[in-house]
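# A closer look at the structure
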Amino acid sequence: MCCLLAALALARPALADAELPPVEVKASLTGSDSYASPVAGVIDPGRQIPAGQITDLTDLLKLGNSIYIQESSYGRQLFLRGLTDQDMRVLIDGSPMGQLGKYYAYSFPWESIPLENIERIEVIRGAGSVEFGNTLAGTINIITKKGARQLRSTAALNYGSFDDFKVNASNSGSQGKFDWFVGGSYRDRGAYLENNDLKQYNVSGAVGVDLGQAGSLRLTGFATRREEGLPLDDRINWNIWSNSQGYADGSKTKTDENTIIADYKSAWVDLSASYFQQKRDDDCYKNGWVTGDYQDYALDFKTPSVKAKLHHTHGDHTWKIGADYTYGDAVADWVYYNDGTERIEWKQDLAGVFAEDTWRLLPQLNLTMGLRYDYYKNTIDSDRGYINPGSDISDEGLSPRASLTYDLNEDWQAFAFAGHVFKAPTMADLYRWHSNHELISFAGRAVLRAYYGLAQPAGAPASLIPAQYIQGWKNMIGDLEATKGWDYELGLRKSGQNHALQINFFYQDLDDYVNIYPVSYPPTYNVDNVGLWGMELAGVYTFCQYLEAEAIYTWMANQTSGDPITEKLYGKNELFNAPDHVLNLTLRSRPLKPLLLEWQSQFVSSRFAGGAPGVPPQVAATTPKYEPMYELDPYWLHNIRASYTVRCQKTDVTFSAAVENIFNEECYIRLDYPLPGTLYYGGVSLAF
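Given the structure is predicted, the values throughout are model-derived calculations rather than measurements. (Residues numbered from 1 in each chain as written. Predicted model: local features only at pLDDT ≥ 70, side-chain atom pairs only at ≥ 80, totals over all residues. Heavy atoms only, no water.)

### Remarks on the overall build of the protein
In plain terms, the rule: For the purposes of this entry, the term helix denotes a DSSP run of H or I that reaches at least four residues, the term strand denotes a run of E that reaches at least two, and both are numbered from the N terminus. A simple rule labels every residue: compare its accessible area, found with a 1.4 Å probe on the protein chains alone, to the largest value its type can have, and call it buried under 20%, exposed over 50%, or partly exposed in between. It only takes one pair of heavy atoms within 4.5 Å for two residues to be counted as in contact. The Shrake-Rupley method, run with a 1.4 Å probe, gives the accessible areas here. Residue values count only the displayed protein chains as cover.
Helices and strands together make up the secondary structure of the protein, namely nine helices and 32 strands. A buried classification covers 56% of the 688 residues belonging to the protein. Residue pairs in contact within the protein that sit at least 24 positions apart in sequence constitute 66% of those at least 6 positions apart. Summed over its atoms, the accessible surface of the protein is roughly 27100 Å², and 57% of this surface lies on carbon and sulfur atoms.

Written out as structure tokens, the structure reads:
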């Protein structure tokens, strides 16, 4: 395919009108606030060929620098610089969103934001501006669509392997001072593992009004309903921590997610308020129930947030001051077979205040300095009395940050950043820590017995564990603390008429990092220190009007200290699921004006999986059927896509096709079984 693209690039020099769309190379490598957050990138959904496996937000995000995706029986998880999506902050149109954390679900419901409603995605790696708090790995800001200047409608239909059917439609426009966007989509996919079929519905809309010199006002909302069967594959049943172990056909998870955002922007003031609600209900079926099995699980998570910012440019200074507050409220109801019910409640307060100034010291030199204050409080409760009084936790922290950019000439810019980071434990972190510290968790007791070499059944009652081991375990786990540390960035970037290049070196020194052992539900505790360092390289080059190449590469490494559990059980002092190398390579060619060809490859090196998906090696040694994977193999996936657009009167009709994983690579993007192999897709879309 690479040779084909190159040959096509040289074969048609006479077609002067056949050219790639303009490449905004600088925008593709930097964000909208490149002074305060110099290590940022932009992902444009409009540049993607519609056919293929771009089905939710994570499929777009994995095209960015230092990002890779991992799936498990708990859902899809995003990693940035080796840290999980629990360690980053998600914004929608600049408004912070609350996160429950990993509790029988992924950390953030990525599917709740419809693709058709996304204008672009800004990915800020590292701490970034003091405007962004409660993050270690970075901040993801999802910018939603506004109404088109002229009335525009779209419709698309795609079909692929495993009867994967997708359809979407949208309409946008403006009239006078008002603009609007409305959209909807539906997906129905058959099972590629036993019982894991999927149905999903999305609706979205936005309306805005231009208030002239007074600013602008916008209201955005979207809703998602998703029904997905719990996979019953042998490897899922092998996973002793899986919430689908032993279930029968028809067992599924249903989620309803609703988001609404109101924001006001002007030359001096930005105000926003958001509300997100996620409801989850599990329908579970078994051929034979055992006392204590959970028959039903329902979650109701609500998180409103508000943010206010004053900002202005005066002379050589651009300043901003502001505050944000996010409240989290979640209730989980469990029904156990012949063992009653349980209600667990979480609450979280996250508050921050920030001030920042960007000063143009010289025409080519910019200095940004800022200070942020963060505060959090987490509380949990259970009607079964499992939660001890005084289990609430809170903390606060000050985070000074500074960045420097220097224009070496018209094309080259150097940048440096140093800043403090503060990350509160999620709502779910406190519950997992408590259930482990108090030996409530089956998984926690299994790991304790493995750690001390106790010859007892893995999940036997805690009363069988000798008192000295219980006290030793509690002392080792300790209290749950917020993560605090420092982030350092140093880099160079170049932007030309047909190319862009950026290289960045980073180092993070984190104290009391909240670790989830190993990849799922088992013990949660603070690791004394984690060091992360690496290099990020990104570039895009348009060779000629027929060929463009884009490459994004990350080398990263990490080292932990003060994690006696992992060090003893595995002889490792590194984070789980953090590869050393991630590479994305894309070649695009337009040999004819209506024809676009694309080759896309992604490489992820091997990573420490901790006996995925969660079996301590001492347990696995006594039960050979577990066959745990301590190191997940590297994988290199290759995809090809093509689209052909014709214009019929005032309508653009685009036919597209894609082949994903063309070499049928066996890769464990999902921890408990490999991907389903080579996939084929085709589709048609209309724009008028």
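The structure having been displayed, the exposition proceeds.
### Observations regarding unusual backbone geometry
The residue R81 is not glycine, and still its phi comes out positive at about 55°. Considering the arrangement of structural elements, one finds R81 in the loop between strand 3 (75-80) and strand 4 (83-84). Residues other than glycine seldom take positive phi values, yet N661 does so here, at roughly 55°. Residue placement: N661 occurs in the loop between strand 31 (651-660) and strand 32 (679-687).

### Section: helix 6 (residues 442-452)
With nine of eleven residues buried, helix 6 lies mostly within the body of the structure. For helix 6, the full list of buried residues reads A443, G444, R445, A446, V447, L448, R449, A450 and Y451. Once helix 6 ends, the next one or two residues include G453, with phi positive near 70°.

### Observations concerning the pairing of strand 24 (residues 524-544)
This is how the line gets drawn: Criterion used throughout: strands pair if DSSP finds at least two bridges between them.
By the criterion of burial, strand 24 is predominantly enclosed, with 15 of the 21 residues buried. Bridge count between strand 23 (residues 499-516) and strand 24: 17 bridges; the pairing is antiparallel. Directly across from F506, in strand 24, lies its bridge partner G534. Pairing between strand 24 and strand 25 (residues 547-561): 15 bridges, direction antiparallel. Following the sheet pairing, V530 is matched in strand 25 by T560. Two successive antiparallel strands, strand 24 and strand 25, enclose a turn made up of two residues.

### Brief notes about the pairing of strand 12 (residues 198-210)
Sheet analysis places strand 11 (residues 178-189) next to strand 12, joined by twelve bridges and oriented antiparallel. What sits directly across from F178, in strand 12, is V209. Looking at chain direction, strand 12 and strand 13 (residues 216-229) are connected through 13 bridges and run antiparallel. Across the sheet, the residue bridging to G205 is G221, located in strand 13. Hairpin remark: strand 12 followed by strand 13, antiparallel, with five residues in the connecting loop; positive phi at G212, about 70°.

### Brief notes about a nonpolar patch on the surface
Spelled out, the test is: Patches in this entry comprise residues that are over 30% relatively accessible and not in a salt bridge; like charges within 9 Å are linked, as are nonpolar side chains (Val, Leu, Ile, Met, Phe, Trp, Tyr) within 5 Å. Think of a salt bridge as a Lys or Arg side-chain nitrogen and an Asp or Glu carboxyl oxygen that are within 4 Å of each other.
Together, L157, Y644, F655, V684, L686 and F688 make up an exposed nonpolar region whose accessible area comes to about 510 Å². Structurally, F688 can be placed in the segment after strand 32.

### A closer look at the environment of L232
Note that L232 resides in the loop between strand 13 and helix 4 (234-238). Judged by relative accessible area, which is 5%, L232 ranks as buried.

### Comments concerning the packing of aromatic side chains
Definition in use: Between the rings of Phe, Tyr and Trp (Trp by its six-membered ring), a pair exists once the centres lie within 6.5 Å; its type follows the angle of the planes, with under 30 degrees stacked, over 60 edge-to-face, and the other angles tilted. Counting as a charge over the ring demands two things of the Lys NZ or Arg CZ atom: a distance within 6 Å of the ring centre and an angle within 35 degrees of the ring normal.
Following the criterion strictly, the structure yields 19 aromatic pairs and no others. Measuring from centroid to centroid gives 6.4 Å for Y488 and Y507, while their planes differ by 20°, and the two rings are stacked. With Y488 in strand 22 (residues 483-495) and Y507 in strand 23, the pair connects residues that are 19 residues apart, well separated along the chain. What makes Y488 partly exposed here is its relative accessible area of 38%. One aromatic cluster in this structure is built from Y451, Y452, Y469 and W473. A cation over a ring is seen here: R81 above F506, with NZ or CZ 4.0 Å from the ring centre. Stacked on the ring of Y451, the Lys or Arg K568 has its end atom at 4.4 Å from the ring centre.

### Some points on the nonpolar core
Which entries qualify depends on this criterion: For our purposes a nonpolar core is just a set of buried Ala, Val, Leu, Ile, Met, Phe, Trp, Tyr and Cys residues, chained together by side-chain atoms within 4.5 Å.
Counting residues in hydrophobic clusters, the biggest one holds 90 residues, and the most contacted among them are L61, I121 and W346. The contact partners of I121, leaving out residues within four places of it in the chain, are G41, V42, I43, L57, L60, L61, I140, N141 and I142.

### Some details on the confidence of the model for the protein
The predicted coordinates ought not to be read in detail in places where the model reports low pLDDT. Cut-off, in case you're wondering: Within a predicted model, pLDDT stands for the predictor's per-residue confidence, ranging from 0 to 100.
Residues at a pLDDT of 70 or more form 85% of the protein, whose mean pLDDT is 84. Note that residues 1-27 has pLDDT below 50 and, in this model, 64 contacts with residues that lie over four places away or in other chains. Every residue in residues 237-244 scores below 50 in pLDDT, and together they form 41 contacts with partners more than four places removed in sequence or on other chains.

### So, the pattern of salt bridges
Scanning all chains against the criterion turns up 35 salt bridges. The residue D300 makes a salt bridge to K302 at a minimum N-O spacing of 4.0 Å. By relative accessible area, D300 is classed as partly exposed at 23%. Between R343 and D333 there is a salt bridge; the shortest N-O distance is 2.7 Å. Placement of R343 in strand 18 (residues 341-362) and of D333 in strand 17 (residues 317-336) is noted, with a sequence separation of ten residues between them. Owing to a relative accessible area of 35%, R343 belongs among the partly exposed residues under this scheme. Salt bridges here are not isolated pairs; linked through shared partners, they connect E131, D270, K307, K309, K320 and E356.

### Focus on the sheet that holds strand 8 (residues 138-144)
One open sheet holds the five strands; their spatial order is 1-7-8-5-6, and the pairing between them is mixed. Two strands bound the open sheet, and with one partner strand each, they are strand 1 (40-43) and strand 6 (95-96). The sheet contact formed by strand 7 (residues 118-125) and strand 8 spans seven bridges and is antiparallel. Following the sheet pairing, V123 is matched in strand 8 by I140.

### Regarding the packing of helix 6 against helix 7 (residues 467-477)
Definition in use: Axis lines are fitted through C-alpha atoms, for helices just across the contact stretch, and the angle between N-to-C directions can take any value from 0 to 180 degrees. Oblique is the label for every angle not falling under 35 degrees (roughly parallel), over 145 degrees (roughly antiparallel), or within 65 to 115 degrees (roughly perpendicular). Here the term charged refers only to Asp, Glu, Lys and Arg, the term nonpolar to Ala, Val, Leu, Ile, Met, Phe, Trp, Tyr, Cys and Pro, and the term polar to all other amino acids, Gly among them.
Between helix 6 and helix 7, the shortest axis-to-axis distance is 11 Å and the interhelical angle comes to 105°. Accordingly, the angle class assigned to the pair helix 6 and helix 7 is roughly perpendicular. Here G444, V447, L448, Y451 and Y452 of helix 6 lie close against helix 7, whose contacting residues are Y469, G472, W473 and M476. Considering only residue class, the contact of helix 6 with helix 7 consists of seven nonpolar, two polar and no charged.

### A short note on the packing of helix 5 (residues 427-437) against helix 7
Look at helix 5 against helix 7: their axes get within 10 Å of each other, and the N-to-C directions meet at 155°. In terms of orientation, helix 5 lies roughly antiparallel with respect to helix 7. Residue-level contacts link W433, N436 and H437 of helix 5 to W473, K474 and I477 of helix 7. For the contact of helix 5 with helix 7, the per-class residue count stands at three nonpolar, two polar and one charged.

### Regarding the environment of T358
By the element assignment, T358 lies in strand 18. Put simply, T358 and L404 are 46 residues apart on the chain and 9.3 Å apart in space, counted from C-alpha to C-alpha.

### Observations concerning the environment of L632
Here L632 is to be found in strand 29 (residues 629-632). A sequence separation of 23 residues divides L632 from A609, and the C-alpha atoms of the two residues are 6.1 Å apart.

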